[in-house]
Amino acid sequence: MQFKVLLEVYHKLHSQQCPVTNPELTQEVFEHWSTPSRAVPFIPDPFKGPAQALSKIIDVFEQATSNKEEMEDLKARCGLLNETMVNAIKGRDERLLSVELKESIGRLVKGIHDVFLATIVEYSMGIAAYVMVEDNSEVVKEANQKMDQILQCFWIENLIAGALVLNDVRQTVKNHTLVLSDIHNTISDQEGWMARLCSTIDNHFKSATLDKLKHVSGAAYDSQELAKINLCFEGTRVKLLAGIGRWMSNTTLEEQETGKPIYILDGIAGIGKSTVAKTVAQRAADINSLGATFFFSRDHTDRQQAAGFVHSIAYQLACCDASYGKAIATAIDDHPESLHKVIAQQFSTLVAEPLSGVLKRRATPLVFVFDALDECAQPDGSDILSLIMTSVSQLPNVKVFLTTRPELVLRIEYQSTLLAHCFHLQDIEALIVDSDIWLYLDYHLSSSNIQKVFKGTKWNSWAPEKAQKEQLVSLSNRLFIFASTATKLILSHQGLGPEKALTSILGLKPKQGMVELYQKVLEIATPTNILKPSEDWDLWLAGYQTTIGAIVVLQYPLSIKALEKLLEPESSNLEPILSNMHSVLAPLDDGPNPTYKIHHKSFPDFVTNASLCPQEFWIEDSKHHLQLAKCCLKTMNQQLCFNICQVSIADQYKELANLPDLNKEKLTEELKYAVSSI
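Residues numbered from 1 in each chain as written. Predicted model: local features only at pLDDT ≥ 70, side-chain atom pairs only at ≥ 80, totals over all residues. Heavy atoms only, no water.

Asks: Could you clarify how one ought to interpret the overall build of the protein chain in this entry?
Replies: In terms of helices and strands, the protein chain carries 27 helices and nine strands. The contacts of the protein chain with a sequence gap of at least 6 include a subset with a gap of at least 24, amounting to 76%. As displayed, the protein chain offers around 31200 Å² of accessible surface, 51% of which is attributable to carbon and sulfur atoms. (Helix = DSSP H or I, 4+ residues; strand = E, 2+ residues; numbered from the N terminus. Contact = heavy atoms within 4.5 Å. Areas by Shrake-Rupley, 256 points an atom, 1.4 Å probe, with all protein chains shown as cover.)

Asks: What is the right way to read unusual backbone geometry from this model?
Replies: The omega torsion across Gln-378 and Pro-379 is 5°, close enough to zero to call that bond cis. Tracing the sequence through the fold places Pro-379 in the loop between strand 5 (366-371) and helix 14 (380-390). One non-glycine residue, Asn-477, lies in positive phi territory at about 55°. Residue Asn-477 is classed as partly exposed on the basis of its relative accessible area, which comes to 35%. A positive phi angle, near 70°, is found at Arg-478, a position not held by glycine. Its location among the elements puts Arg-478 in the loop between helix 18 (466-476) and helix 19 (480-490). Relative accessible area serves as the criterion here: at 24%, Arg-478 is assigned to the partly exposed category. (Buried < 20%, exposed > 50% of the residue type's maximum accessible area, 1.4 Å probe, protein only.)

Asks: Mind showing me how you'd approach the pattern of salt bridges here?
Replies: Close approach of charged atoms lets side chains of opposite charge pair. All told, the structure shown has seven salt bridges when counted by the stated rule. The salt bridge partner of Glu-225 is Arg-303, with a shortest N-O separation of 2.9 Å. Here Arg-303 lies in the loop between strand 4 (290-295) and helix 11 (309-320) and Glu-225 lies in the loop between helix 8 (188-198) and helix 9 (238-248), a separation of 78 residues in the sequence. With a shortest N-O distance of 3.3 Å, Asp-605 and Arg-405 are connected by a salt bridge. Placement of Asp-605 in helix 25 (residues 602-607) and of Arg-405 in the loop between strand 6 (398-404) and helix 15 (408-414) is noted, with a sequence separation of 200 residues between them. Look at Asp-605 and you get partly exposed, because its relative accessible area is 29%. Here the salt bridges do not stand alone but share partners, grouping Arg-298, Asp-374, Arg-405 and Asp-605 into one network. (Salt bridge = Lys/Arg side-chain N within 4 Å of Asp/Glu carboxyl O.)

Asks: Would you explain the state of the cysteines in this entry?
Replies: Working definition: the covalent bond between the sulfur atoms of two cysteines is a disulfide. On inspection of all chains with the given rule, the structure shows zero disulfides. Cys-645 takes part in no disulfide bond, and the closest cysteine sulfur to it belongs to Cys-641, at a distance of 8.8 Å. For Cys-645, a relative accessible area of 13% gives the class buried. (Disulfide = S-S within 2.5 Å.)

Asks: How do you make sense of the sheet that holds strand 5 when you look at a structure like this?
Replies: Strand pairing in a sheet is mediated by backbone hydrogen bonds. Such pairs are either parallel or antiparallel. The strand order 4-5-6-3-7 describes an open sheet built from five strands, whose pairing is parallel. Edge positions in the sheet fall to strand 4 and strand 7 (420-424), since each has one partner strand and no second. Mean inter-strand twist for the sheet, computed between neighbouring axes without regard to direction, equals 15°. (Pairing = 2+ DSSP bridges. Axes fitted to C-alpha atoms, helices over the stretch in contact; angles between N-to-C directions.)

Asks: I keep staring at the nonpolar core and nothing clicks. Help me out?
Replies: Buried together is how nonpolar side chains tend to be arranged in soluble globular proteins. Formed by 116 residues in total, the largest nonpolar core has its most connected members in Ile-244, Phe-401, Leu-472, Phe-482 and Ile-548. Discounting residues that sit within four places of it in the chain, Phe-401 has contacts with Ile-244, Trp-247, Tyr-263, Leu-265, Val-276, Ala-277, Val-280, Phe-368, Val-369 and Phe-370. One finds Ala-219, Ile-262, Ala-306 and Phe-347 within the second-largest nonpolar core, a separate group that totals 49 residues. (Core = buried A, V, L, I, M, F, W, Y, C linked by side-chain atoms within 4.5 Å.)

Asks: It is not clear to me how the side chain of Thr-236 should be interpreted in this structure. Could you clarify?
Replies: Counting through the fold element by element, Thr-236 comes out in the loop between helix 8 and helix 9. What Thr-236 contacts, discounting residues up to four positions off in sequence, is Leu-241, Asp-436 and Leu-439.

Asks: Is there a simple way to explain the confidence of the model for the protein chain in this structure?
Replies: A low pLDDT score tells you not to read the predicted coordinates there in detail. On average, residues of the protein chain score 78 in pLDDT, and 74% of them are at 70 or above. With pLDDT under 50 throughout, residues 13-44 is counted as low confidence; its partners more than four residues away or in other chains account for 64 contacts. (pLDDT = per-residue confidence, 0-100.)

Asks: Which parts of the structure should I look at to understand the environment of Ala-318?
Replies: Among the secondary structure elements, Ala-318 is positioned in helix 11. Judged by its relative accessible area of 0%, Ala-318 falls in the buried class. When the C-alpha atoms of Ala-318 and Ile-328 are compared, they prove to be 6.7 Å apart, with ten residues separating the residues in sequence.

Asks: What is the right way to read helix 16 (residues 430-444) from this model?
Replies: Each full turn of the α-helix corresponds to 3.6 residues, which orients residues three or four apart in the same direction. Over its 15 residues, helix 16 extends 21 Å from the first C-alpha to the last, a length consistent with the 21 Å expected when each residue adds 1.5 Å. Within helix 16 the residues assigned to the buried category are Val-433, Asp-436, Ile-437, Tyr-440, Leu-441 and His-444. Each buried residue of helix 16 lies within a common arc of 130° when the element is viewed along its axis, so the set occupies one face. (Expected span 1.5 Å × (residues − 1). Arc of directions from axis to C-beta.)

Asks: Help me understand the packing of helix 18 against helix 20 (residues 498-506), please; the structure alone is not making it clear to me.
Replies: It is at 10 Å that the axes of helix 18 and helix 20 come closest, and there the two elements cross at 45°. The pairing of helix 18 with helix 20 is recorded here as oblique in orientation. Of the two elements, helix 18 crosses helix 20, and the hand of that crossing is left-handed. On the side of helix 18, the interface is formed by Gln-468, Gln-471, Leu-472 and Leu-475, while helix 20 contributes Leu-502, Ile-505 and Leu-506. In terms of residue class, the contact of helix 18 with helix 20 is made up of five nonpolar, two polar and no charged. (Parallel < 35°, antiparallel > 145°, perpendicular 65-115°, else oblique. Left-handed = near helix turned anticlockwise from the far one by under 90°. Nonpolar A, V, L, I, M, F, W, Y, C, P; charged D, E, K, R; others polar.)

Asks: Help me out: how do you make sense of the environment of Asp-211 in this one?
Replies: With respect to the helices and strands, the residue Asp-211 is situated in the loop between helix 8 and helix 9. Residue Asp-211 is classed as exposed on the basis of its relative accessible area of 61%.

Asks: What is the right way to read the side chain of Ser-338 from this model?
Replies: Within the fold, Ser-338 resides in the loop between helix 12 (322-334) and helix 13 (343-360). Every residue in contact with Ser-338, bar those within four places of it in the chain, is listed here: Gln-346, Thr-349 and Leu-350.

Asks: Which parts of the structure should I look at to understand the packing of helix 18 against helix 19?
Replies: For any two helices packed against each other, one specifies the crossing angle of their axes together with the interaxial distance. At a closest axis distance of 9 Å, the pairing of helix 18 and helix 19 adopts a crossing angle of 135°. Between helix 18 and helix 19, the interaxial angle falls into the category oblique. Across from Leu-472, Leu-475 and Ser-476 in helix 18, the residues of helix 19 making contact are Phe-482, Ala-483, Ala-486 and Ile-490. Its residues assigned to classes, the contact of helix 18 with helix 19 shows six nonpolar, one polar and no charged.

Structure representation (structure tokens):
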């Protein structure tokens, strides 16, 4: 009865008379719907026809007597499909299920219908006259393979969308893989993708050859440098992620979009592109479908140029699969000169040629995630986009997910190609974005979270009213960075306190919220015990200019002690300036020597814009670049010396790789920065 149970789950899901709330969803739950025709009228288009036909075709399969082994395989797969749908909707009120999940289940049913339909012949004009092709085992075997593909697409789509729980899928696969393998040995190849999709794989190929790749470790989605980028908050970006999941699994509704290898998500600053990119990367990695990631950043020299791009892709691919690692290592050994060629030739020799054959045998897509291409300096950014369109996207079974601001030089290129599906993030309906921002604010400003953040203080019993949170949603103007920055400011232990900070933010003008919010952050950061104007005010402003100016123009973040030493004698104590600016400058740790990183790139855009930033807080970046260069030269002049690592005379002519352990005591953090920046 697995066939009918499978169909009944779908009928029950779309019934408007009886919402699904029972987490068990057993056959008894569907007793009222034992006749498929009773539920068909409630199934939404475009899936009503296939569901009605399927209900009659199933009777034929239940009566099949030949091809017993293949039929048992097929029935077992239907059991797996059935349990997958149960996991998707168990414990949820049908009225609260997303439209995207319902449509996904509808496509699943239509896919099953099409598979069954191809496995029978029609003896007359009526559907009821279908009979099983009982003497053709190859037809049933092909049906089994197609059922695998349907399930694969459903899983990938909904795991990326967050509609399925990975642990539930893993348990389902574990149970049914054992059943399938007991039934028939010939399906071992088909069950392989199930195991690979849902198992934790430690398949790292180790080779000294791979160390020749100068990969950029900080560009990987799970690096410490990207720790400040959060994943999508649960329940948000559901429609967007569902669309990305459909694109990944080749089940996009719009026929002309099916199979396009590139998905480009563009949008204005602060709208949440990097958060979406990191979420896609994490969820793809969870199902062993992530190939490589590169998150560009104008704050890091090695992440704003093309030099390490291909090396990073090759290195990450080598780490994700042993067969990829062996092929890439062989390519490096055979063609060592390719490591230093232009990026197109690097990619061809190190990735495309050695991996094309292996990738053709993949059962699931391999996804590459590249974030913030607009932060790559030109012409490198255009060169990388060209490489993505002409080479990366042409790899077998490979998909490329790319985010960028819609900069003109890039936009002209990617909007003119037929290889890419472009989605403009700011085009998402306002109600959907507002709902997502509300979920975010409602959690972070809930009574329980405030009690946790302000435990032991006078504010632990305070909480904003619902109307105040709704006003914050309106002020956000669909920018997640506004909601994030405002929340950080409200929950900061520094400054005005949460209640006054919220009141101050709610006084901002609509449509100008981001600019005024940054202005408010700077006002709150100003010490309240300093008169304006006064000598103390001038001293504080000078410290602000030195500190914030340096952080804005640094090529990569430095610890606070290293930055103080680099900037001496201009500033010897940066902590008083930074302590009140945690809402825009995020300390990476709570120790005595934290490293401060800019929370979002829109803040340096603001403070370096003379027309937006108040004059006293404006950072003239050219002036601070010059000042930082002088500080670097001074540091090098003071700290550099002959044989700084104290290499013995006997070792001074050896290759660097063959030297014994070096004395790096005098290689201070500020000196390393100064040498690398000049």
